[in-house]
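The chain contents come next:
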Amino acid sequence: MTLLSQDLSRERIPATVPDEVAARVRALRRARRDARTRASRVRRVLLAPTAPAPYRD
């Protein structure tokens, strides 16, 4: 479990950090957020209840 204080995406990037590094950090944070979103969607689909298959004789 991640606490708000541990969530790096909520922390500000200091103004003294070069633009290239700041852009990299933002890209990594975005990639991490997208991966979490994708994983939760996959988890939701895999755990969703399924309709029983029709009986075939």
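How each quantity is defined
Residues numbered from 1 in each chain as written. Predicted model: local features only at pLDDT ≥ 70, side-chain atom pairs only at ≥ 80, totals over all residues. Heavy atoms only, no water. Helix = DSSP H or I, 4+ residues; strand = E, 2+ residues; numbered from the N terminus. Buried < 20%, exposed > 50% of the residue type's maximum accessible area, 1.4 Å probe, protein only. Salt bridge = Lys/Arg side-chain N within 4 Å of Asp/Glu carboxyl O. pLDDT = per-residue confidence, 0-100. Contact = heavy atoms within 4.5 Å. Patch = residues over 30% accessible without salt bridge, like charges linked within 9 Å, V, L, I, M, F, W, Y side chains within 5 Å. Areas by Shrake-Rupley, 256 points an atom, 1.4 Å probe, with all protein chains shown as cover.

This part covers the overall build of the chain. Looking only at helices and strands, one finds one helix and zero strands in the chain. Across the 57 residues in the chain, those meeting the buried criterion constitute 5%.

Turning to the pattern of salt bridges, a few remarks are in order. In this structure the tally under the stated criterion is one salt bridge. A salt bridge links arginine 24 to glutamate 20; the shortest N-O distance between them is 3.7 Å. Taken together, the residues span about one helical turn, with arginine 24 and glutamate 20 both in helix α1 (residues 19-47) at a distance of four residues. Neither arginine 24 nor glutamate 20 differs from the other in exposure class; each is exposed.

Here the chain averages 80 in pLDDT, while 74% of its residues score no lower than 70. Low pLDDT, under 50, characterises residues 1-5; the predicted model gives this stretch four contacts beyond four residues in sequence or across chains.

On to a nonpolar patch on the surface, then. Taken together, the side chains of Val42, Leu46 and Leu47 present a nonpolar region at the surface, about 350 Å² in accessible area. Take leucine 46: it is sitting in helix α1.

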